[in-house]
Amino acid sequence: MARKPAAKPSPPKQPAPKPAPPKSAVADEKRTFEPKYNWMNKTRQWGVRVKPGKAGLKLGDLNVGIYGETPTQWADQSRNPRGAVPRRGMPPVGYSIRDKAGLWADCAADLYEEAIQRRWAPATDVPWDTIEPLPDDVEHAVCQVCTELLGYANVDIETITGWQHQMSYGYHEVKQFLATASFDAARHYECFRKRALANGGGLGLEGPGMVNRMILESRGGWTEAVVYLLLMRGAFTMTLYKYLGRHAHNDAERFIYEHALADKARHVTYALDHLKYAMAHADDVLQVVRTLIAIGEGGLTRDLRDPVLAEALAVIFAGGVAKAAGRGMAVYGDMMRDYVATYLGYCRWLGVPRDPARLPPPLNEYADSTDTGA
Amino acid sequence: MSEAANGAERELDLGWMDRTGPLETRAEPGKYGLTIADISIGDYGEAPEASDNLTGRPRGAAARPASYRIGAYPVRSKNDIWLDNASFLYEEALQRQWSSATDVPWHTIEPLPDDVEQAECQLATFLTEVEFVAGDVPARWVSLTTPDFYEPRQVLLAQVMDESRHMDVFRKRALANGGGLMQATGATSGFVGSIDLSRDFTEMSSRLHVSGEGSVLTLFRMGELMAQNEAEKVIYRLCAQDEARHVAFGVMHLRYMSETAPERREEIHCYLDEAEGGLIGAANPVGQLTPTSESMAIILGGGKDHFDDGMNKIIAIRRRQLQEYRKRVISAGFGERFENGRSRVAQMIEEAA
């Protein structure tokens, strides 16, 4: 350890000393310091040696010993990394989500790594050169749908980023997964805007916004936001991507919808896992989710009664206005049946089955009449 | 049952076809693909000076009078958040994403002497902690910003992703070589003047991007000096790339603010005064003697026995941090503070020597 130099003897009395030279003049001198080392050996668990597996060193691999302990409540309001020795007396940062049941999903760490491995860049990965001019009515419809999807991505961004900073770091896997989810949404925002402006069209009419409002007004907690944003809207958006991919006009659109669908599937996977966890580990959440779903269906149906999205989709599905009312709307009906079946399946899996007959119109009209909901 | 549901034809309204933004837009990909800059054409490229968009409408889309007002965005003035190169920074961020699981050669990590491993783990604990702030705070500001300024929002979203990766890579490093996490420093708690508590975006950006991340960037650029193995070199190099974009955001935003809102210059100087006060404090891993700077000295010196050598290197890094900070502030258009005696940075550089 370095030691302080011995104290020099006092100089004899002399006239007033000259000012000391600037410290830069002594820069080359050997300097000594007195460390405290009071941080050394302060660890809750030492000797951890996590090895990379065949998919590299993943976030979930680190959950060994105390580092993998995720308590049901996280009292620490600092940015103390989970497993580190806390420093006492720090002013709290002020997280509102400190219960594991309020955000947890066992799959979050895996989804985080998957999102990173499946990253894509719209600027260079989408084969933009495959886009060819389309008939005006079809291009209009594509642009209108892109405008709606931009609105959806915007709500994804604003909702997730509005909650991220409220989540405590005891559950960093979820925060990290949500960083990928908001980045996915940024990419969706970007690529639908690019598609709308790449082929002689432009943006269309903004969406009606009832569901957007419902999602952004989820003040009851992140779980409520998950029900609206990722379960109800998420399942709907996934279905849209699926059908738009089937009716893509070129490789560029096909690429966009396929990749956006894969991204969205991760978000919905998180939602299902989280809701299942929350309902199993917190009192009353099952009943709350059941209530939220009923309220959410009301909001969703108000947006669905607006004709703009349905008509634009019908034009795309039919290849033009001429057959949109017949063939196009028939495919739209198929899409809605697909959505309702998926949604009811999710509800059943979560343990909050819905009676199809009691869904509000027009949702009930797309439900399988043989589905009992049980 | 509705006509759509039962398969019957229904009359279409199609009124939406006449309610659009400007049409006949045909953005062409350039040599870097189809970038955000490429679609900033015509009216679609015009961000308003003040946004009245309260419905979350995509910029350039036709408004629907009946839409709900869902976004009472506090950041609605362009000069509050704008910068001229946001498109470039965002596209670069997308191109330079990396994976801490597979892009870091973890197998190159070899056992280290206990004092050095403890120091590495203390530094990793600190970096995990500070990267938490850099992820949380930009995310919050994204949710407060109108989508009319979507370009800077996109860069901030990329930053949140970057910081998330930094958090995980330093946690991985701490747990990969026979060590563990050590003691948190608390340097990022909610003190007055902290990044968290900023009430204004530019205030936050000057603290986070210009001074905070600027200091960390200097450090990461010293990765060759600090690294004990190839894995750590790669970590520092990749983190430095990311951090450079974040710092560039702050500098370019300050420059835009300086040019377009000169009435706020004095206020910005106050933020810089505060930022400079913390430049060599506990939030800086090469600040004055703190647990983190002690651990840095062990790493840079090569062990406790060479602590003084390490500290001398720390002082050199600190000097460089201050010099780079000064350059950034000059580049942002606030260089007069180094001429008129307001800034103490010159004195700090002198003292660091």
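This text goes with the structure placed above it.
A brief report on the enclosed structure follows. (Residues numbered from 1 in each chain as written. Chains lettered and ligands numbered in written order. Predicted model: local features only at pLDDT ≥ 70, side-chain atom pairs only at ≥ 80, totals over all residues. Heavy atoms only, no water.)

### Describing the overall build of chain B
The secondary structure content of chain B amounts to 13 helices and zero strands. The principal-axis extent of the C-alpha atoms belonging to chain B is close to 85 × 55 × 40 Å. By the burial criterion, 66% of the 353 residues in chain B qualify as buried. A sequence separation of at least 24 residues applies to 74% of the contacts in chain B between residues at least 6 apart. (Helix = DSSP H or I, 4+ residues; strand = E, 2+ residues; numbered from the N terminus. Buried < 20%, exposed > 50% of the residue type's maximum accessible area, 1.4 Å probe, protein only. Contact = heavy atoms within 4.5 Å.)

### Quick notes on the overall build of chain A
Looking only at helices and strands, chain A features ten helices and zero strands. Its C-alpha radius of gyration of 28 Å places chain A more than 25% over the 21 Å reference for a compact globule of 374 residues. Principal axes of the C-alpha set define a box for chain A whose edges measure 105 × 50 × 45 Å. When the 374 residues of chain A are sorted by exposure, 60% land in the buried category. About 15100 Å² of surface is accessible on chain A, with carbon and sulfur atoms providing 52% of the total. Considering chain A, the positive charge centre built from 46 side chains and the negative charge centre built from 43 side chains are found 14 Å apart. (Rg over C-alpha atoms; globule rule 2.2 N^0.38 Å. Areas by Shrake-Rupley, 256 points an atom, 1.4 Å probe, with all protein chains shown as cover. Lys, Arg positive; Asp, Glu negative; His and termini not counted. Charge placed at Lys NZ, Arg CZ, Asp CG, Glu CD.)

### Focus: the packing of helix 4 (residues 172–196) of chain A against helix 7 (residues 251–281) of chain A
Residues and elements named next belong to chain A. Here helix 4 crosses helix 7 at 155 degrees, and the two axes come no closer than 10 Å. Relative to helix 7, the element helix 4 lies roughly antiparallel. Of the two elements, helix 4 crosses helix 7, and the hand of that crossing is left-handed. In this structure, helix 4 contributes Val 174, Phe 177, Ala 181, Asp 184, Arg 187, His 188, Cys 191, Phe 192 and Arg 195 to the contact, and helix 7 contributes Glu 253, Ile 256, Tyr 257, Ala 260, Asp 263, Arg 266, His 267 and Tyr 270. (Axes fitted to C-alpha atoms, helices over the stretch in contact; angles between N-to-C directions. Parallel < 35°, antiparallel > 145°, perpendicular 65-115°, else oblique. Left-handed = near helix turned anticlockwise from the far one by under 90°.)

### Points about the side chain of Glu 213 of chain B
Residues and elements named next belong to chain B. Following the sequence through the fold, Glu 213 ends up in helix 7 (residues 201–221). Buried charge Glu 213 goes without a salt bridge, the closest partner of opposite sign being Arg 245 at 9.6 Å. A polar side-chain atom of Glu 213 sits 2.9 Å from a polar atom in the side chain of Gln 159. Once residues lying within four places of it in the same chain are set aside, the contact partners of Glu 213 are Ala 134, Gln 159, Glu 163, Leu 208, Glu 243, His 246 and Val 247. (Salt bridge = Lys/Arg side-chain N within 4 Å of Asp/Glu carboxyl O. Polar contact = N/O pair within 3.5 Å; in protein donor to acceptor, adjacent residues only side chain to side chain.)

### Observations regarding helix 7 of chain B
Residue and element names in this part refer to chain B. The largest bend along helix 7 reaches roughly 40 degrees and is located at Glu 213. With 19 of 21 residues buried, helix 7 lies mostly within the body of the structure. The distance from a side-chain oxygen at the start of helix 7 to the backbone nitrogen of Thr 202 is 2.9 Å, and the residue carrying that oxygen is Asp 200. (Bend = angle between axes of the 7 residues up to and from the residue.)

### What to know about the nonpolar core
Of all hydrophobic cores here, the largest spans 234 residues; its most connected members are Phe 192, Trp 222, Tyr 270, Tyr 332 and Tyr 339 of chain A. Sorting elements by how many residues they give to this core places helix 6 (residues 222–246) of chain A first, with 16 residues. (Core = buried A, V, L, I, M, F, W, Y, C linked by side-chain atoms within 4.5 Å.)

### Here we look at the interface of chain A and chain B
Contacts between chain A and chain B engage 123 residues on the former and 121 residues on the latter. Summing the contributions of chain A and of chain B, the shared interface buries around 10600 Å²; its carbon and sulfur component is 59%. Here chain A is connected to chain B by nine salt bridges. The partner of Arg 64 of chain B in a salt bridge is Asp 306 of chain A, with the nearest N and O atoms 2.6 Å apart. Across the chain A-chain B interface, the total number found is 65 residue pairs in polar contact (both at pLDDT 80 or more). Mapped by element, the contributors of at least two residues to the side of chain A that touches chain B are helix 1 (108–117), helix 2 (122–125), helix 3 (136–164), helix 4, helix 5 (210–216), helix 9 (307–318) and helix 10 (324–350) of chain A. Classifying every residue of the side of chain A that touches chain B by side-chain character gives 59 nonpolar, 35 polar and 29 charged. (Buried area = accessible area lost by both parts, 1.4 Å probe. Nonpolar A, V, L, I, M, F, W, Y, C, P; charged D, E, K, R; others polar.)

### Some remarks on the environment of Ser 215 of chain B
Residue and element names in this part refer to chain B. Secondary-structure assignment places Ser 215 in helix 7. C-alpha separation for the pair Ser 215 and Gly 287, spaced 72 residues apart in sequence, amounts to 9.9 Å. Residues in contact with Ser 215, not counting those within four places in the same chain, are Leu 279, Asn 284 and Gln 321.

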